[in-house]
Amino acid sequence: MSRKDVLVVDDDASIREVIQMTLEVVGGWTVRLAANGMEAVEKVRERRPDAILLDLMMPGMDGPSTLARLRGGSDQNVPVILLSAKIQQRRDDQQLTGLGVAGVIGKPFDPITLPDRISGILGWAP
Amino acid sequence: MGAVSDKNDGRADTGGEPPDGRSRQPEASEAALSRVADIADRARERNLDRAGELAAWATIGREGRISAEQRGEAAEVAHQLAGSAGTFGYQAATDVAREVERLFGEADGAEAWSRLTDCVHDLVRRLREPPELSALD
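Residues numbered from 1 in each chain as written. Chains lettered and ligands numbered in written order. Predicted model: local features only at pLDDT ≥ 70, side-chain atom pairs only at ≥ 80, totals over all residues.

This paragraph deals with the pairing of strand β5 (residues 103-106) of chain A. Residue and element names in this part refer to chain A. Residues Gly103 and Ile105 of β5 are buried on one face, and the alternating residues Val104 and Gly106, pointing to the opposite face, are buried as well. Note that strand β4 (residues 80-84) and β5 share four bridges and pair parallel. Note on β5: the bridge partner recorded for leucine 83 is isoleucine 105. (Buried ≥ 20, exposed ≤ 12 C-beta atoms within 10 Å, placed from the backbone. Helix = DSSP H or I, 4+ residues; strand = E, 2+ residues; numbered from the N terminus. Pairing = 2+ DSSP bridges.)

Below you can see the structure in the form of structure tokens.
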């Protein structure tokens, strides 16, 4: 089975860096990075990833706007997992569920167990 | 926060922690942990810078000179700090940053701005301390 290709979209450089490291080292996956929604759309256009990890709140094009843009393009079926610092608020959780994403991972998260959480959400074999 | 489902069946899943917390190869986890520590050091510096920005916004707010747009910018900085700090072992700082984010949205009157200023000082203090027991342990 080929290595999973995951696109990580987050405006925080440290978060991008730690996610890339743990998904590559612990998960054994290929990781590409985008610092904003526009960059994410471009990267998806270049090559369709197996999954997208998308920050909810980013300046400019935020997570939901990016998601809408992706869903409106040719890559409508790429599973998207949202990263959200607001997941602890139940109302927000329910709103996020309605966005048609595969899952939501709250911030802060444990970097080391992140690949397992992603695999669990997407049904990928560990 | 727990998993809604284990597979991608179209519903959102909040992806709960794996039962053993470290289910992949231990050596890979160990290698990752040391690299996480390096990244965490840089993240801590960045978060201290963010806390400095928040202190400046709080001063402007206390003086009654902050605009709605600036409040929004400050709340966004606090939000980013909240998301980052706990990931790198500073859960208490995340909790305080969430309160700071809320207060920048609502603060009105001298007492509220004073509370916000106290929270920002608390945030700086917590970020200067060693990380708590956390994902990095």
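Moving on, we get to the environment of Arg3(A). Residue and element names in this part refer to chain A. Of note, arginine 3 is situated in the segment before β1 (5-9). Looking at arginine 3, the number of C-beta atoms within 10 Å reads 12, which means it is exposed. Measuring from C-alpha to C-alpha, the distance between arginine 3 and tryptophan 29 comes to 5.4 Å, with 26 residues separating the pair along the chain.

Here we come to the sheet that holds β4(A). Residue and element names in this part refer to chain A. Within the open sheet, the five strands sit side by side as β2-β1-β3-β4-β5. Their pairing is parallel. Of all strands in the sheet, those with a lone pairing partner are β2 (30-34) and β5, marking the two edges. Taking the axes of each pair of neighbouring strands and ignoring which way they run, one obtains an average angle of 20° across the sheet. Examined bridge by bridge, strand β3 (residues 51-55) and β4 share four bridges and lie parallel to one another. Opposite leucine 53, over in β4, you have isoleucine 81 as the bridge partner. Together, β1, β2 and β3 form the strand contacts of helix α1 (residues 13-25), whose direction differs from that of β2 by roughly 170°. Taken strand by strand, helix α3 (residues 63-72) contacts β1, β3 and β4, and its axis lies near 150° from that of β3. (Axes fitted to C-alpha atoms, helices over the stretch in contact; angles between N-to-C directions. Contact = placed C-beta atoms within 7 Å.)

What follows concerns α3(A). Residue and element names in this part refer to chain A. Those residues of α3 not exposed but buried are Gly63, Thr66, Leu67 and Leu70. All buried residues of α3 fall inside an arc of 100° around its axis, so they share one side. Looking at α3, the residues exposed on the side facing more than 90 degrees away from the buried face are Ser65 and Gly72. For α3, the elements touching its buried residues are β1, α2 (37-46), β3 and β4. (Arc of directions from axis to C-beta.)

To continue, consider the nonpolar core. Of all hydrophobic cores here, the largest spans 67 residues; its most connected members are Leu53(A), Ile81(A) and Val100(B). Top contributing element to this core by residue count: helix α1 (residues 26-62) of chain B, with nine residues. (Core = buried A, V, L, I, M, F, W, Y, C linked by C-beta atoms within 7 Å.)

As a further point, take the packing of helix α3 (residues 91-106) of chain B against helix α4 (residues 110-128) of chain B. Between two packed helices, what matters for the description is the angle formed by their axes and the separation of those axes. Residue and element names in this part refer to chain B. Contact pair α3 / α4: the axes reach a minimum separation of 9 Å and the direction vectors enclose 155°. With respect to their mutual orientation, α3 and α4 come out roughly antiparallel. Note that α3 runs across α4; the crossing there is left-handed. Touching Ala92, Ala93, Val96, Ala97, Glu99, Val100, Leu103 and Phe104 of α3 are Ala112, Arg115, Leu116, Cys119, Val120, Asp122, Leu123, Arg126 and Leu127, all from α4. For the contact of α3 with α4, the per-class residue count stands at 13 nonpolar, no polar and four charged. (Parallel < 35°, antiparallel > 145°, perpendicular 65-115°, else oblique. Left-handed = near helix turned anticlockwise from the far one by under 90°. Nonpolar A, V, L, I, M, F, W, Y, C, P; charged D, E, K, R; others polar.)

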